[in-house]
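# A closer look at the structure
If you want the building blocks of each chain, they are given just below.
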Amino acid sequence: MAKDPATVSELRKAAEVTDQEVDAAVDAVLADLATEAYPLAKGWTLDLVETLRTNTRAAEALTTDKPAWKRNMVRTAILLANPIKG
């Protein structure tokens, strides 16, 4: 992987995280905006609240009534996030 800590996107490319796991994380955010520690796979955990707090585009998208835009922006924020191993 390119750097430490890796992004979810890098973990996906390395087959540590699947597209289905990323989709499940997106669904978790859209179902409950208060989800914090979200388990991805192989011991990786992502703080979804922090992910959205630090990605202004995703946070803005969540305030709209455009479901596709929300989903895309949340997915992008998750792919750019740095999960922790543990």
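An account of the accompanying structure is given in this report.

The rules behind each value
Residues numbered from 1 in each chain as written. Predicted model: local features only at pLDDT ≥ 70, side-chain atom pairs only at ≥ 80, totals over all residues. Heavy atoms only, no water. Helix = DSSP H or I, 4+ residues; strand = E, 2+ residues; numbered from the N terminus. Buried < 20%, exposed > 50% of the residue type's maximum accessible area, 1.4 Å probe, protein only. Contact = heavy atoms within 4.5 Å. Areas by Shrake-Rupley, 256 points an atom, 1.4 Å probe, with all protein chains shown as cover. Lys, Arg positive; Asp, Glu negative; His and termini not counted. Charge placed at Lys NZ, Arg CZ, Asp CG, Glu CD. Expected span 1.5 Å × (residues − 1). 1 Å grid on protein atoms, 1.4 Å probe; cavity = no way out; pocket = protein on both sides within 12 Å on 5 of 7 lines; lining within 4 Å. Points joined across faces, edges and corners; volume = space filled by probe spheres on them. Nonpolar A, V, L, I, M, F, W, Y, C, P; charged D, E, K, R; others polar. Core = buried A, V, L, I, M, F, W, Y, C linked by side-chain atoms within 4.5 Å.

### Regarding the overall build of the chain
- What the chain contains, in helices and strands, is five helices and three strands.
- Overall, the chain shows an N-to-C arrangement of helices and strands of α-α-β-β-α-α-α-β.
- Oriented by its inertia axes, the alpha-carbon framework of the chain measures out at about 35 × 20 × 20 Å.
- Within the chain, the proportion of its 86 residues that are buried is 37%.
- Contacts in the chain between residues far apart in sequence, at least 24 positions, make up 54% of those at least 6 positions apart.
- Counting every atom, the chain has about 5,100 Å² of accessible surface; 54% of that belongs to carbon and sulfur.
- Of the side-chain charges in the chain, 11 are positive and 13 negative, and the distance between the mean point of each set is 5 Å.

### Brief notes about helix 5 (residues 67-80)
- With 14 residues, helix 5 should cover 20 Å at 1.5 Å per step; its first-to-last C-alpha distance of 20 Å lies within 8% of that length.
- Those residues of helix 5 that fall on the buried side of the exposure criterion are Met-73, Val-74, Ala-77, Ile-78 and Leu-79.

### Examining the layout of surface pockets
- Space inside the largest pocket adds up to approximately 180 Å³.
- Looking at the largest pocket, it is lined by 13 residues, and the ones nearest its centre are Leu-46, Glu-50, Thr-51, Ala-81 and Asn-82.
- The set of elements that each furnish at least two residues to the lining of the largest pocket consists of strand 2 (44-47), helix 3 (48-53) and helix 5.
- Counting residues per element, the lining of the largest pocket draws most heavily on strand 2, which supplies three residues.
- Per-class residue counts for the lining of the largest pocket are six nonpolar, five polar and two charged.

### Considerations on the nonpolar core
- Grouped together as the largest cluster of nonpolar side chains are 24 residues, with contacts concentrated most on Val-8, Leu-40, Leu-46, Leu-48, Leu-52, Val-74 and Ile-78.
- Going through the elements one at a time, helix 1 (8-13), helix 2 (19-31), strand 2, helix 3, helix 4 (56-61) and helix 5 are the ones with two or more residues in this core.
- The residues contacting Ile-78, other than those within four sequence positions of it, are Val-8, Val-22, Ala-25, Val-26, Val-29, Leu-46, Leu-48 and Thr-51.

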